[in-house]
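# Reading the structure
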Amino acid sequence: MNFEFLGDNFMSLTVTGLTQGAIYALVALGYTLVYGVLRLINFAHSEVFMIGTFVTTIVWAGLGFGVGASAPGTFGVLGLIALAIVAAGAASGGTALIVERVAYRPLRKRNAPSLIFLISAIGASVALFELVGAITDRQPRGMPSLVQPKVQFTIFGADITNLQIGIILSALAMLAGLDIFINRTRLGRGVRAVAQNPDVAALMGVNKDRVIMLIFVLGGMMAGAASVLYDIKVGLTTYSVGFLIGIKAFTAAVLGGIGNLRGALLGGLLLGVVENYGAGVFGNEWMDVVAFVMLVVVLLFRPTGLLGESLGRARA
Amino acid sequence: MLLELDNVTVAYGRIEALHGISLTVGEGEIVALIGANGAGKSTTMRAISGLRPVGKGKIRFDGDDITKMRADLRVVRGVSQSPEGRGIFPGMTVRENLEMGAYTRKLRSEIDEDLQRAFDLFPRLKERERQAGGTLSGGEQQMLAVGRALMSRPKLLLLDEPSMGLAPMLIQQIFDIIVEINQQGTTVLLVEQNAQQALSRAHRAYVLETGRIVKEGTGTDLLTDPAVKDAYLGVA
Ligand SMILES: Nc1ncnc2c1ncn2[C@@H]1O[C@H](COP(=O)(O)OP(=O)(O)OP(=O)(O)O)[C@@H](O)[C@H]1O
Ligand SMILES: [Mg+2]
């Protein structure tokens, strides 16, 4: 154990953790939205994220920015990122929608028990995973490093890079946008109505199927955006990339209180930070152990997660 | 006829709860539906609003066959229900709950007018405007459910036990309000345990017994009907 290392690098571990956590949080939103409305864990969401990571590289390569290409100027890079967010958002959102149509809606129309949904979810996940695995020959796919991490400023001895700032701020901006959409708009109110009481929502004139499509698309788009940030940060993707990120994001959602949008943010950031501290103290190979031990401990004391559920029945 | 049920059956799984009921509600009427627990009153309401699929038979509303229409589209056509158990959205404020009632409408100025009307009908709701629906008392939730059902400007208002859980004074008040709403032009179909009040306020009424309509007549007729008196009015 190396507490000295943790002490010496506390700030920089924190910032690295927040960066990773921001990506968890964006992916966690998809789990939390779907669970909040349907009480369903959409296991295929990890693959929705994975699709986004590939579409990002494809779009960049298509524009002449394949592996090894040198980055264009600042505006060029921002343009490429914006384009990738739109494309990956559309692809991931579209994939999520297809999963909903193919794997869940037919079951819903037949009032299937929730265990069947779970099996269908796992099936959809495996199908997407194997499909992309087959298409890519199970080879990783690289991409150019568009953003060279550059130290912008230093706080308490920690170097903060433009990349870290960019990732954290874009994740926060998207989360804030979603939060406003759900809490302040008419359509968002419809989503909350279906989450709280689907029958009464129908009595208010809310089209439940439309709301369900909407949450899958929204969750998918957030995962798509996260996939772009991930690509920029890691510079490499592969068909199995969704597995660990998916589990971590799901953990983040549960940690914050599944069904709660702000809980996803809190859970994501906390998970990112704590697992980084854990890696600092016990070594990298213990990172995931620390993450899940924290989940278990939190659930022991707060079974509904840190913030509880808010989209659904519970408190306002 | 604004609403017409023609031999409607509804089942829960294999158990049939309505064995072919027929009833009509004319424009401008208050029609009451009374019956013992489990007779099928709420099931009838759910069939009309589209929450329960109809087995056999037809439901016609405002000239159209709506038997197979989705529940949310019936709201657009002018059917609004205050459900049994009130169905308040617990995590939304009183105001948001009312806004949900106007979900299908677009014109902000009209919605604001109707919000004002709901607050005029139920001043208590105005005082609690920002309170979460789930923290209201039972009676306050009942007012909110009725107020919310009015927010869609329905042609037909379905009220499932609007007086449930209200103090005696408030029961008088809620029936007064129902009559007032009706006089302002809304047709009302009313399910009630409180048969005395319901029959004395309704133009016409039906008596439901284990999924069948066994009697119908004007409110006053049924109030004086010995069998009805015996079974539902609690007088020997
Ligand atoms: N969700 C359900 N699943 C199975 N059976 C149901 C369901 N809802 C109602 N029933 C049955 O259908 C019958 C009619 O119920 P309904 O709720 O319409 O009665 P009601 O007249 O409204 O009674 P109450 O006065 O107690 O509200 C009852 O026998 C009831 O047990
Ligand atoms: Mg009932």
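Residues numbered from 1 in each chain as written. Chains lettered and ligands numbered in written order. Predicted model: local features only at pLDDT ≥ 70, side-chain atom pairs only at ≥ 80, totals over all residues. Heavy atoms only, no water.

As annotated in an unreviewed UniProt entry, chain B carries the name ABC transporter ATP-binding protein and comes from Paractinoplanes deccanensis. Under Sequence similarities (unreviewed entry), UniProt gives the following word-for-word description of chain B: "Belongs to the ABC transporter superfamily." (UniProt positions renumbered as here; feature names shortened; annotations may be inferred.)

Looking at an unreviewed UniProt entry, one finds chain A named Branched-chain amino acid ABC transporter permease, with Paractinoplanes deccanensis as its source organism. UniProt, in its Sequence similarities (unreviewed entry) section for chain A, records the words "Belongs to the binding-protein-dependent transport system permease family. LivHM subfamily." According to UniProt, the comment filed for chain A under the heading Subcellular location (unreviewed entry) is "Cell membrane".

### Some words on empty space enclosed by the protein
The gaps of empty space that remain are located by a probe, the size of a water molecule, rolled over the atoms. All names here are of chain B. Tallying each qualifying case throughout the model produces two cavities of 30 Å³ or more. Approximately 40 Å³ is the volume attributed to the largest cavity. Surrounding the largest cavity, F122, M143, L166, L170, Q173, I174 and I177 form its lining. No other element matches the four residues that helix α7 (residues 168-183) contributes to the lining of the largest cavity. Tallied by class, residues from the lining of the largest cavity come to six nonpolar, one polar and no charged. (1 Å grid on protein atoms, 1.4 Å probe; cavity = no way out; pocket = protein on both sides within 12 Å on 5 of 7 lines; lining within 4 Å. Points joined across faces, edges and corners; volume = space filled by probe spheres on them. Helix = DSSP H or I, 4+ residues; strand = E, 2+ residues; numbered from the N terminus. Nonpolar A, V, L, I, M, F, W, Y, C, P; charged D, E, K, R; others polar.)

### Describing the pairing of strand β2 (residues 15-25) of chain B
Residue and element names in this part refer to chain B. As judged from the eight bridges shared by strand β1 (residues 3-12) and β2, these two strands associate in the antiparallel manner. Paired with Y12 across the strands is I15, a residue of β2. What sits between β1 and β2 in their antiparallel hairpin is a turn of two residues, with G13 showing a positive phi close to 60°. (Pairing = 2+ DSSP bridges.)

### A word on the coordination of the magnesium ion (ligand 2)
Residue and element names in this part refer to chain B. Around the magnesium ion (ligand 2), the protein contributes the donor atoms S42 (OG) and E84 (OE), at 1.9 to 2.3 Å from the metal centre. Of this pair, S42 sits in helix α1 (residues 41-49) while E84 is found in the loop between β6 (79-82) and α3 (94-101), placing the two residues 42 residues apart along the sequence. For S42, a relative accessible area of 9% corresponds to the buried category. The partly exposed category is assigned to E84, whose relative accessible area is 38%. (Donors = N, O, S within 2.8 Å, 3.2 Å for Na, K, Ca; no water. Buried < 20%, exposed > 50% of the residue type's maximum accessible area, 1.4 Å probe, protein only.)

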